[in-house]
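Structure at a glance
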Amino acid sequence: MSSSRPLVVPLAQLRMSDVEEVGGKNASLGEMIGQLAHAGIRVPGGFATTATAFRDFLAHNGLTERIAARLADLDVADVAALTAAGKEIRGWVTRGALPPALVQAIGEAYRPLAEGTPDASFAVRSSATAEDMPDASFAGQQETFLNINGLDNIIHAIQEVFASLYNDRAIAYRVHQGYSHGEIALSAGVQRMVRSDLGAAGVMFTLDTESGFDQVVFITAAYGLGETVVQGAVNPDEFYVDKRNLAAGRPAILSKSVGGKALRMVFAATRAAGRSTVTEVVPAPERIRFAISDAEAEALARAAVTIEQHYGRPMDIEWGRDGVDGELYILQARPETVKSREEGADRLRRYRLGRTAPVLATGRAIGQKIGQGRVRTIRSAAEMDRVAEGDVLVTEMTDPDWEPVMKRAAAIVTNRGGRTCHAAIIARELGIPAVVGCGDATETLTDGAEVTVSCAEGDTGHVYAGLLPVEVVDIALDRMPSVPTKIMMNVGNPELAFAFQRLPNEGVGLARLEFIINRNVGIHPKALLEFATQPANLRQEIEERIGGYASPTEFYVQKIVEGVATIAAAFFPKKVIVRLSDFKSNEYSNLLGGDRYEPHEENPMLGFRGASRYIAPEFYDCFALECEAMKRVRDVMGFTNVEIMVPFVRTLGEAEAVLRLLAKNGLERGRNGLRVVMMCELPSNAVLADRFLEHFDGFSIGSNDMTQLTLGIDRDAGGAIAATFDERDDAVKAMLSLAIKACQKADKYVGICGQGPSDHPDLAQWLVDQGIESMSLNPDTVVETWLALAKARAA
């Protein structure tokens, strides 16, 4: 821009160097229009008023000193005083008049945009001159006006945007962030509307917002204008897209989940100054489908990566899909302000519950902390002064007006909202755990009751009754000593994989497929294969779960793919050993529709499980679905770091039959580098270890079943014999030693993935002495076992 300080500038002429005059938001729009259009980034055009225009407006109406005096001694913690000051200042601004030169400049910029399209709609957005800086999000602090038409209405909306610099939340937020009121000016951006009211919109981040894992793009999507997602009025769809697969041209969607999407914001039939939109209910059949296609999710992710590479930092991006032309547009892009500026990348803090209690509410977990306090249910902003320091704020949804009290809360719980809504963004910035999108928290949580809000257990946040014991563990990742064996992890929950990968590790020694099926699918495979013959009520329940997928069996396969691919991507290129499903018949019965297909067994632990199930003719088609999922992960998505483990192989005949069946289903040992290992967990496996190893690439020892079957004690037994179950018994050690020595003799992999080393440091040391190649531990014991082994080695 020239030094003449214009009052209005076309967006296409702006660059990031113009932040002081048009704020981060408008400068970024101009930057993308000018610098990224050639890369396929579509940004609607428009213009922006400048900081000079804003300051001229204040001076023209004698407001500069008047506002400064009114805010000089304001205590923003005094909600009543803050409300009174904000209301008074906004009144001064809205009753003022724009200088004639500014009115003329706005008209000259607007007319060419609207020429030939008298019904053209515009968005009028705020862009504070300190907004969207890397050290503060200013999320939703000022107003946005959508579907504005006609010059008079545009001018009116611009003046309302000017006034919104003095919203209560904006005043308080500036104080909390250490900004002087006088140094902040406001630029109004006027931009052609994308018709996402007829399509979809949402927010995306170029990293995982909870763990900071930077190899994914996280996308939220809902029908209609994106304000419902930002405000937290809807629970949106979510997508995780792998950046490396995008670059390689391979399928890149790691996982996706259907959100409730109960509402959508659309254009009002009659426009007027101010907000000319309405919110309507989304029909039920549309809610269970994804708002965007997989191809659109990948296209958005490619745009996000392009923007991130241009700016050289993680980004927070708003997008819209035009329902008329079908194109995807970028509406805003700003630096991500929480995970990307966290200090201590070489340190890790983990929160753990000492025990659990009755769960009162669940929703999406924001952050990875645990908060505790008394429930304070707030129905409207008028009740905000009821929230005391350390309370758990419970409400339908927050909006930016609530920021002054959110910082008092120990945790935040909302009925509505997704992981990119206002409550989530501010909670992350304040370092407060939040559980959003619970649906009924305001009804199930009793005002004044003591609760524990845990976001430390994966994507699902839990609100527990009572104040539970909490352990905080600090890990210095840069000072981990060397250990005499490879330490791997047992990971069954894909939602935790991005966080767990930060722990010191050599990969995943056990990813349990049955955990993924139980969590991601929840339906018996036979019920999906024979969907058409299910009872009507069961078909309806299944349809509600699989609505976003092409068919019942595609749902089953793809949800397994998503779980495995997420873990594989998190740890890539390190090894991830996936154990094929090891459900017992009673566990399969618990899946939806499972009771129609499973036998009743007196002792399922020794029954129809593992290899014998796979090779049973009645289970062929179910096993084929598992194999198809694993083949897609490795051969289509390219995660060749995934290896396969076969559990509970009773006989050499079963070993041969399983390998033939795997090969028949496209998983031939050795093809595309596929390694197939066996779970060594029966005495027969140890006694005949040499012969079993003729069929497999190594062993992963399962100490739980090996102990159970060697000592003849049910692993779940209680009472007098419970203490006899001990992996350190000499008989069990003899079996483990046989297996380890056989692998060493055959020069094949040998590791252990059972519970023993996690529970008993002395067993872990014994295994090291025996020459075990790797130990796969529960994540919460990795650091302790690592340090214990290092200490023993040093001694």
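The following paragraphs examine the structure supplied in this document. (Residues numbered from 1 in each chain as written. Predicted model: local features only at pLDDT ≥ 70, side-chain atom pairs only at ≥ 80, totals over all residues. Heavy atoms only, no water.)

Between its first and last C-alpha, helix H6 (residues 151-163) extends 19 Å over 13 residues, near the 18 Å set by a 1.5 Å rise per residue. Considered for burial, the residues of H6 that qualify are Ile154, Ile155, Ala157, Ile158, Gln159, Val161, Phe162 and Ala163. (Helix = DSSP H or I, 4+ residues; strand = E, 2+ residues; numbered from the N terminus. Expected span 1.5 Å × (residues − 1). Buried < 20%, exposed > 50% of the residue type's maximum accessible area, 1.4 Å probe, protein only.)

In any sheet, the strands associate via hydrogen bonds between backbone groups, in a parallel or an antiparallel arrangement. Read around the barrel, eight strands follow the order S23-S24-S25-S26-S27-S28-S29-S30 and close on themselves; strand pairing throughout is parallel. Within the sheet, the average angular offset between the axes of one strand and its neighbour, ignoring direction, is 30°. Pairing between strand S28 (residues 698-701) and strand S29 (residues 749-752): four bridges, direction parallel. Bridge pairing in S29 places Ile701 opposite Ile752. With respect to the sheet, helix H27 (residues 730-746) is in contact with strand S27 (676-680), S28 and S29, its orientation differing from that of S28 by roughly 155°. (Pairing = 2+ DSSP bridges. Axes fitted to C-alpha atoms, helices over the stretch in contact; angles between N-to-C directions. Contact = heavy atoms within 4.5 Å.)

Before going further, it helps to examine the pattern of salt bridges. What the rule picks out here adds up to 42 salt bridges. Its salt-bridge partner being Glu327, residue Arg42 comes within 2.9 Å of it at the nearest N-O pair. Of this pair, Arg42 sits in the loop between helix H1 (19-35) and strand S2 (46-49) while Glu327 sits in the loop between strand S12 (315-321) and strand S13 (328-335); the two residues are 285 residues apart in sequence, bridging distant segments of the chain. With a relative accessible area of 36%, Arg42 lands in the partly exposed category. For Glu495, the salt bridge goes to Arg519, with nearest N and O atoms at 3.5 Å. Of this pair, Glu495 sits in the loop between strand S23 (486-490) and helix H15 (497-500) while Arg519 sits in helix H16 (residues 513-521), and the two are 24 residues apart along the sequence. Take Glu495: its relative accessible area is 25%, and that puts it in the partly exposed class. (Salt bridge = Lys/Arg side-chain N within 4 Å of Asp/Glu carboxyl O.)

Let us now look at helix H29 (residues 761-770). Working note: α-helix, 3.6 residues per turn, so residues spaced by three or four point in the same direction. Within H29, the full set of buried residues consists of Leu763, Ala764, Trp766, Leu767 and Val768. Looking at the buried residues of H29, the elements they touch are H27, S29, helix H28 (756-759), strand S30 (774-777) and helix H30 (782-794). Looking at the residues trailing H29, positive phi occurs at Gly771, about 95°.

The next subject is the sheet that holds strand S3 (residues 122-128). Pairing is antiparallel in the open sheet, where five strands are placed in the order S1-S2-S5-S3-S4. At either margin of the open sheet sits one strand with a lone partner, and together these are strand S1 (8-10) and strand S4 (144-148). Each strand axis lies, on average, 20° off the axis of its neighbour in the sheet, ignoring direction. Note: S2 against strand S5 (residues 186-192), three bridges, orientation antiparallel. The residue of S5 that forms the bridge with Ala48 is Gly189.

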